[in-house]
Amino acid sequence: MIRYANVDGQLREPVMGLKGICPGCNKSLIAKCGLIKIHHWAHKGRIDCDPWWEHITQWHLDWQNNFAPEWREVIFQDDRSGEIHRADIHTPKGVTIEFQHSPLSLKEFESRNTFYKKLIWVVNAQPFEEYFIFTNATPNPQSPLLANYNFVVDTKGFAKSPRFYIKDEYKWNGQKRLLRSFTLEDHELRSVAEEYGKSKKLYWLFNWNNKRGEWLKSGAPVFLDFGNESLYLIRQRQQEPTSLLYLQVVGKKDFLAKYVNQADN
Ligand SMILES: [Zn+2]
């Protein structure tokens with residue numbers, strides 16, 4: 001679906017009865033202003049020139065509206081395939097932000113990650129919120145104080161607090177056998193617990209049933225939006241035998257301040 005069409009040389013949002021031209025393929029667009037779907041422009045015959053087209057949602061519009069109009073729905077053409085693509089947001093510094101409401105095929109997901117050089121995903125997490133559990137707040141998994149420890153990866157999400165084991169004590173021996181594990185209550189991790197006690201809860205371990213795997217494997221940063229004042233950046237800590245996935249809390253205000261101000265200098 002398209003938000004902006006060319007109408008007499010100006011980019012305009014749809015109004016009932018208005019006719020426009022697609023800024024991507026120069027074909028005619030019809031204003032769709034029904035009661036149920038968000039008002040949008042559509043190609044005649046319903047074939048969109050952008051094979052990555054998505055339905056527009058209010059969530060989508062609200063996010064886009066944080067940015068300057070000329071950064072919204074920026075048109076790109078793939079040199080090789082000739083395909084048209086509309087970036088939700090493209091900043092003057094070359095960062096593309098895609099606001100993603102629906103699941104994507106892995107193929108399309110990887111195509112977009114490759115096509116846009118500096119891509120950031122903001123994913124509407126509200127549709128799968130019921131499958132998502134924030135299991136524990138955790139000390140910063142990248143803290144130097146944890147350099148000699150690995151996290152016990154809790155795939156079931158039942159652990160009441162993060163658990164750690166000493167890297168050197170870890171034995172593989174063909175069996176997943178841990179010698180000792182520690183929590184923040186243990187004196188070995190006292191300095192970590194102290195640092196953590198002074199910090200805000202900025203890092204979370206999580207359990208995601210019915211997960212949409214593409215978001216966990218993304219090369220481009222993925223921020224989950226649960227509809228509150230924060231975004232949750234999916235991060236990974238490399239460790240043996242299983243790397244740890246966790247979330248970093250980023251205030252929406254901070255996120256916007258970083259990218260909205262990209263017009264400067
Ligand atoms: Zn078009």
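Every chain is numbered independently, its residues counted from 1 as its sequence is written. Totals for whole chains, interfaces and linings use all residues, but because this is a predicted model, local features are given only for residues with pLDDT of at least 70 and pairs of side-chain atoms are given and counted only at 80 or more.

Caption draft 1: Representation of the overall build of the chain within the structure. Scanning the chain from N- to C-terminus turns up five helices and 16 strands. When the backbone C-alpha atoms are referred to their principal axes, the chain occupies close to 70 × 40 × 40 Å. Burial status across the chain gives 23% buried among its 265 residues. Residues are defined as contacting one another if the C-beta atoms placed from their backbone atoms lie within 7 Å. At a minimum sequence separation of 6, the contacts of the chain that also span at least 24 residues come to 50%. Counting from the N terminus, the helices are the DSSP runs of H or I reaching at least four residues and the strands are the DSSP runs of E reaching at least two. Neighbour density around each residue's C-beta defines its exposure: 20 or more other C-beta atoms within 10 Å make it buried, 12 or fewer make it exposed, and counts between make it partly exposed, where C-beta atoms are placed from the backbone.

Caption draft 2: Quick look at the domain arrangement of the chain. Domains are outlined according to an automatic or database domain assignment. The assigned domain composition of the chain is domain 1 (1-49) and domain 2 (50-265). Placing the centre of domain 1 and that of domain 2 at their C-alpha centroids yields a distance of 34 Å. Across the side of domain 1 that touches domain 2, the residue classes break down as six nonpolar, two polar and two charged. Side-chain classes follow a simple rule in which Ala, Val, Leu, Ile, Met, Phe, Trp, Tyr, Cys and Pro form the nonpolar group, Asp, Glu, Lys and Arg form the charged group, and the remainder, Gly included, forms the polar group.

Caption draft 3: Examining unusual backbone geometry more closely. Unlike most non-glycine residues, Asn 26 shows phi in positive territory, near 65°. You can see Asn 26 is positioned in the loop between β3 (19-21) and β4 (28-32). Residue class for Asn 26 comes out exposed when judged on the 9 C-beta atoms lying within 10 Å of it. The backbone phi angle of Glu 73 is positive, close to 50°, even though this residue is not glycine. Relative to the assigned elements, Glu 73 resides in strand β6 (residues 72-77).

Caption draft 4: Layout of the nonpolar core. Ranked by internal contacts, the top residues of the largest apolar core, which has 21 residues, are Val 122, Val 123, Val 222, Phe 223 and Leu 224. Put simply, the parts of the chain that give this core at least two residues each are β7 (84-90), β8 (95-100), β9 (118-124), β13 (203-208), β14 (222-225), β15 (230-237) and β16 (244-251). Residues within four places of Phe 223 in sequence aside, it is in contact with Ile 120, Trp 121, Val 122, Val 123, Leu 231, Tyr 232, Leu 233, Val 250 and Phe 255. Membership of the second largest hydrophobic core comes to six residues, among which are Ile 2, Tyr 4, Ala 5 and Cys 22. One nonpolar core equals one set of buried Ala, Val, Leu, Ile, Met, Phe, Trp, Tyr and Cys residues connected by C-beta atoms within 7 Å.

Caption draft 5: Layout of the sheet that holds β9. The criterion for strand pairing is that DSSP finds at least two bridges linking the strands in question. An order of β6-β7-β8-β9-β14-β15-β16-β13-β10 is seen for the nine strands of this open sheet, with the pairing classed as mixed. The open sheet is flanked by β6 and β10 (132-137), the only strands paired with a single partner. Pairs of neighbouring strands in the sheet enclose a mean axial angle of 40°, with direction left out of account. The pairing of β10 with β13 spans five bridges and is antiparallel. Bridging from a neighbouring strand, Asn 136 pairs with Leu 205 of β13. Each axis is a line fitted through C-alpha atoms, and for a helix only the stretch in contact is used; angles between axes span 0 to 180 degrees, taken between their N-to-C directions. Each of β8, β14, β15 and β16 is contacted by helix α5 (residues 252-260), which is oriented at about 80° to β16, the strand it contacts most.

Caption draft 6: Representation of the pairing of β15. Here β14 pairs with β15 via three bridges, running antiparallel. Each residue of the ladder has a partner; that of Leu 224, found in β15, is Tyr 232. Pairing of β15 with β16 involves eight bridges; the strand directions are antiparallel. Its bridge partner being in β16, Leu 233 is matched across the sheet by Gln 248. Hairpin connection of β15 to β16: six residues between the antiparallel strands.

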